[in-house]
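The lines below spell out each chain.
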Number of protein chains: 2
Amino acid sequence: MESAWERDLQMLDYRYRSQRAPINLSEVIIPGLCAGCGARHIGLCEALSDEDLNFLASVSKPLAVQKGQTFVVEGDAARSFFNINHGVAKLYKDMPDGRRQITGFVGAGDFVGLAADSCYAFSAEAIQEVRMCRFDRSELRNVFGRFPAIEQRLFDFASHELVVAQEQMLLLGRKTAVERLASFLDGWHHRIVHTEDSNSGHGLPMTRADLADYLGLTIETVSRALSSLRKLGVISVAADHGVSVLQSTRLAEIAQAASSGSTKIQPMYGLRGSKTVATA
Amino acid sequence: MESAWERDLQMLDYRYRSQRAPINLSEVIIPGLCAGCGARHIGLCEALSDEDLNFLASVSKPLAVQKGQTFVVEGDAARSFFNINHGVAKLYKDMPDGRRQITGFVGAGDFVGLAADSCYAFSAEAIQEVRMCRFDRSELRNVFGRFPAIEQRLFDFASHELVVAQEQMLLLGRKTAVERLASFLDGWHHRIVHTEDSNSGHGLPMTRADLADYLGLTIETVSRALSSLRKLGVISVAADHGVSVLQSTRLAEIAQAASSGSTKIQPMYGLRGSKTVATA
DNA sequence: TGTTCGCATTGATTCATATCAACTTCGAAG
DNA sequence: CTTCGAAGTTGATATGAATCAATGCGAACA
């Protein structure tokens, strides 16, 4: 399924050698690459015709990074956008003393690079092998002018990113450890179901440390929260630490702190914050 | 300075009466309103010529809401965008049990309504009298096609919103109470200095409860953090609870947990999270 | 001019999560 | 097969911030 991408890379290599000229691999233009791309029918590219895609491919360059490799560094000049085709990466911010906050995980179909003024406001590291298309920021204005569909798509994506970001602020500012984990698992479950074939027992690609840095917790608390949800029968944790959702509805209820009658696991302690009286 | 806006409102009223027809005030088109707008040279409108502004005004409607009034409700169909001309509003999300997270404060020049898919992902309430221009979401596509400058402006604004959102995630997930407050005061100080004349001792428009809901704390902790910063000599708190920044550099250092030699107030306890080793 | 009430501050105590520590599992290297 | 280290789980203890509680203060108002 994704071997098409690899074939194209090999084709690139072939072109490079056959031309016998000092061409930078990353500078080679590859019309037609999109046709076999695994992300052809998701994300940004879904909105485009084959014809438009050819143009888009002409201003983008393929890029592959290995697991553990950092491909965006916070503070660097923001020259590129990235459109992920395969694999998962984490976006994060570090403090001088080592504290880290992961602001999101991105996968196939996701667009990376919006959160930047002149410099990137985040770093990005692959947690699996990641393949993507890189665009030049300066080129994007031209693309917008030529293809309103792309512009609209990107605008909608940015809007959705803001929705997700606000949801995460609520999580980090007001939810308990178990609620945070339930929220993440609920969201990831949906993402997986919508993206891949919904086979059960998908192992999470990120470590407990990544989860902790994403949820504003420690690895120990993440582990304990997983145990709590397991003991409630909402999830199961495999021997290889993979997580399966057993009761997705219950999981969502815990995530939203929405009690549904019988077994409520509402915070048995008082509410935090300014004790705003619920209107609903 | 802003009386021009009020004059225009009165003019509106005059037109309404003089026409003696059942015209909905909010539906009246007001060409030329922008000329005297206090936000003419900031935010979205800064990028436009007077001519373009006239067109923009023709597809927008003025709107004023009183302090305490909610003008966007989370979950409602997202039909409008708002461009704030005057006053401050808070954007927030509530949980069923009353917990609240304020995701941002918006003021003159800010654009409201990006964080929405088909429905608003947040609620908005004025914490001062707020005056703004309302745009129809459906109209905006037309505006984009006609004025690329607006489109670019809005795209940049969305990008910046994402930068701010990620910064807030770091704050909520990893910073201590004092660091959170210092971060907020540092940011607000800059915003005020850049927006209005930088007179000292500006009272914050939001209550301690708002601050708590913004910083993921309780009002008591906010109050204690303010006292801590006051005792350090970094800020002063007036009798009317207004806050003045005395040492902006020091404030920024505390906000970023960047120790600058002598007096460090680093967390005397160990670091939280996954103990990622600092690379810098 | 006293009452009330919203807002803020400060102290005492509790609690959810961090920290410290012990142990298990598993895969890679030797 | 043994060693080693990365990743994860679980228990005991510490602590930053939440909760509970008391007080102060200024504005609205009778």
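Up top is the structure these notes are about.
To start, this report covers the structure provided alongside it. Starting afresh in each chain, residues are numbered from 1 along the sequence in its written order. The naming scheme follows written order: chains are lettered A onward, ligands numbered 1 onward. Local features in this predicted model are restricted to residues of pLDDT 70 or higher, and side-chain atom pairs are both shown and tallied only at a pLDDT of 80 or more, whereas totals for entire chains, interfaces and linings draw on every residue. To obtain the side-chain values, all non-hydrogen atoms of the structure were included, while hydrogens and water were left out.

Further remarks concern the interface of chain A and chain B. Throughout, a contact is declared for two residues whenever any of their heavy atoms are within 4.5 Å. Across the contact, 60 residues belong to chain A and 60 residues belong to chain B. By buried area we mean how much accessible surface two parts lose on assembly, using a 1.4 Å probe and totalling the loss over both. Summed over the three residues of chain A that lose the most area to chain B, namely Arg 99, Phe 155 and Arg 174 of chain A, the buried surface amounts to 14% of that side. Here a salt bridge means any side-chain nitrogen of Lys or Arg lying within 4 Å of a carboxyl oxygen belonging to Asp or Glu. Run the count over chain A and chain B and you get 8 salt bridges. Note that Asp 156 of chain B and Arg 141 of chain A form a salt bridge whose closest N and O atoms lie 3.2 Å from each other. Between N or O atoms, a polar contact is any pair within 3.5 Å; within protein, one atom must be a potential hydrogen donor and the other a potential acceptor, and residues adjacent in sequence are included only when both atoms are from side chains. The interface formed by chain A and chain B holds 20 residue pairs in polar contact (both at pLDDT 80 or more) in total. Elements represented by at least two residues in the side of chain A that touches chain B include exactly strand E5 (100–106), helix H3 (137–146), helix H4 (148–174) and helix H6 (208–215) of chain A. Secondary structure elements follow DSSP: runs of H or I of four or more residues count as helices, runs of E of two or more count as strands, with numbering from the N terminus. Broken down by element, the residue count for the side of chain A that touches chain B peaks at 20 residues, all from H4 of chain A. Each residue gets one of three labels, nonpolar for Ala, Val, Leu, Ile, Met, Phe, Trp, Tyr, Cys and Pro, charged for Asp, Glu, Lys and Arg, and polar for the others, Gly among them. In terms of residue class, the side of chain A that touches chain B is built from 26 nonpolar, 17 polar and 17 charged.

Turning next to unusual backbone geometry. Phi at Ala 257 of chain A is positive, roughly 55°, even though this residue is not glycine. Note that Ala 257 of chain A resides in the segment after helix H8 (248–256). Think of it in three bands: residues with accessible area under 20% of the maximum for their type are buried, residues over 50% are exposed, and the middle band is partly exposed, with areas taken using a 1.4 Å probe on protein chains only. On the accessibility criterion, Ala 257 of chain A (6% relative accessible area) is buried. Within the chain, His 241 of chain B stands out as a residue other than glycine whose phi angle is a positive 75°. Along the chain, His 241 of chain B turns up in the loop between strand E9 (235–237) and strand E10 (243–245). The exposure class of His 241 of chain B is exposed, given its relative accessible area of 53%.

Quick look at the nonpolar core now. One finds Leu 114 of chain A together with Leu 114 of chain B to be the most contacted residues of the largest nonpolar core, which totals 87 residues. Contact partners of Leu 114 of chain A, with chain neighbours within four places excluded, come to Phe 81, Arg 137, Leu 154, Phe 157 and Ala 158 of chain A together with Phe 155, Ser 159 and Leu 162 of chain B. Buried Ala, Val, Leu, Ile, Met, Phe, Trp, Tyr and Cys residues form a nonpolar core when they are joined through side-chain atoms within 4.5 Å.

Attention shifts here to helix H3 (residues 137–146) of chain B. Regarding H3 of chain B, the residues found buried are Leu 140, Val 143 and Phe 144 of chain B. One side of H3 of chain B carries all its buried residues, which in axial view fall inside an arc of 100°. Away from its buried face by more than 90 degrees, H3 of chain B exposes Ser 138, Asn 142, Gly 145 and Arg 146 of chain B. Among the structural elements, H4 of chain A together with helix H2 (50–58), strand E3 (80–86), strand E8 (130–136) and helix H4 (148–174) of chain B are those in contact with the buried residues of H3 of chain B. Starting at the helix axis, one direction is taken to each C-beta atom, and the arc is that of these directions.

What follows concerns the packing of helix H6 (residues 208–215) of chain B against helix H7 (residues 219–231) of chain B. Residue and element names in this part refer to chain B. A fitted line through C-alpha atoms represents every axis, and for helices the fit uses only the stretch in contact; the resulting angles, taken between N-to-C directions, go from 0 to 180 degrees. Contact pair H6 / H7: the axes reach a minimum separation of 8 Å and the direction vectors enclose 95°. Between H6 and H7, the interaxial angle falls into the category roughly perpendicular. Note on element contacts: H7 touches H6 through Ile 219, Val 222 and Leu 226, opposite Arg 208, Ala 209, Leu 211 and Ala 212. For the contact of H6 with H7, a count of residues per class yields 6 nonpolar, no polar and 1 charged. Convention used here: angles under 35 degrees read as roughly parallel, angles over 145 as roughly antiparallel, angles from 65 to 115 as roughly perpendicular, and any remaining angle as oblique.

Residue and element names in this part refer to chain A. In this scheme, strands are said to pair when DSSP sees at least two bridges between them. Across the sheet, 4 strands lie side by side as E1-E8-E3-E6; this open sheet has antiparallel pairing. The strands lining the two open edges of the sheet, one partner per strand, are strand E1 (60–65) and strand E6 (111–112). Of the strand pairs in this sheet, strand E3 (residues 80–86) and E6 are connected by 2 bridges, and their pairing is antiparallel. Within E6, the residue paired with Phe 82 across the bridge is Val 112.

Here we come to the packing of aromatic side chains. Two aromatic rings, drawn from Phe, Tyr or Trp (for Trp, its six-membered ring), form a pair once their centres lie within 6.5 Å of each other, and the interplanar angle then sorts them: stacked below 30 degrees, edge-to-face above 60, tilted otherwise. Under the defined criterion, the tally for this structure stands at 22 aromatic pairs over all chains. Geometrically, the ring pair formed by Phe 81 of chain A and Phe 111 of chain A is tilted, given 5.3 Å between the ring centres and 35° between the ring planes. Taken together, the positions of Phe 81 of chain A in strand E3 and Phe 111 of chain A in strand E6 put the pair 30 residues apart, joining distant regions of the chain. Among the residues examined, Phe 111 of chain A registers a relative accessible area of 4% and is labelled buried. Measuring from ring centre to ring centre gives 6.4 Å for Phe 105 of chain B and Trp 188 of chain B, while their planes differ by 85°; the resulting arrangement is edge-to-face. Of this pair, Phe 105 of chain B sits in strand E5 (residues 100–106) while Trp 188 of chain B sits in helix H5 (residues 177–195), placing them 83 residues apart in sequence.

All names here are of chain A. Counting buried positions along E3 yields 6 of 7 residues, so the element is predominantly enclosed. Pairing of E3 with strand E8 (residues 130–136), which is carried by 6 bridges, proceeds in the antiparallel orientation. Each bridged residue has a counterpart across the sheet, and for Phe 81 the counterpart in E8 is Phe 135.

The subject of this paragraph is the pattern of salt bridges. Using the criterion set out here, one finds 22 salt bridges over all chains in the structure. The partner of Arg 191 of chain A in a salt bridge is Asp 110 of chain A, and the shortest N-O contact between them spans 3.6 Å. Here Asp 110 of chain A lies in the loop between E5 and E6 and Arg 191 of chain A lies in helix H5 (residues 177–195), a separation of 81 residues in the sequence. Residue Glu 74 of chain B is joined to Lys 93 of chain B by a salt bridge in which the shortest nitrogen-to-oxygen separation is 3.2 Å. One end of the pair, Glu 74 of chain B, is in the loop between strand E2 (70–72) and E3; the other, Lys 93 of chain B, is in strand E4 (residues 89–94), and 19 residues separate them in sequence. For Lys 93 of chain B, a relative accessible area of 3% translates into the label buried. Taken together, the salt bridges that share partners define one network made up of Glu 74 and Lys 93 of chain A together with Glu 167 of chain B.

Purely spatial values, then, with no claim about function.
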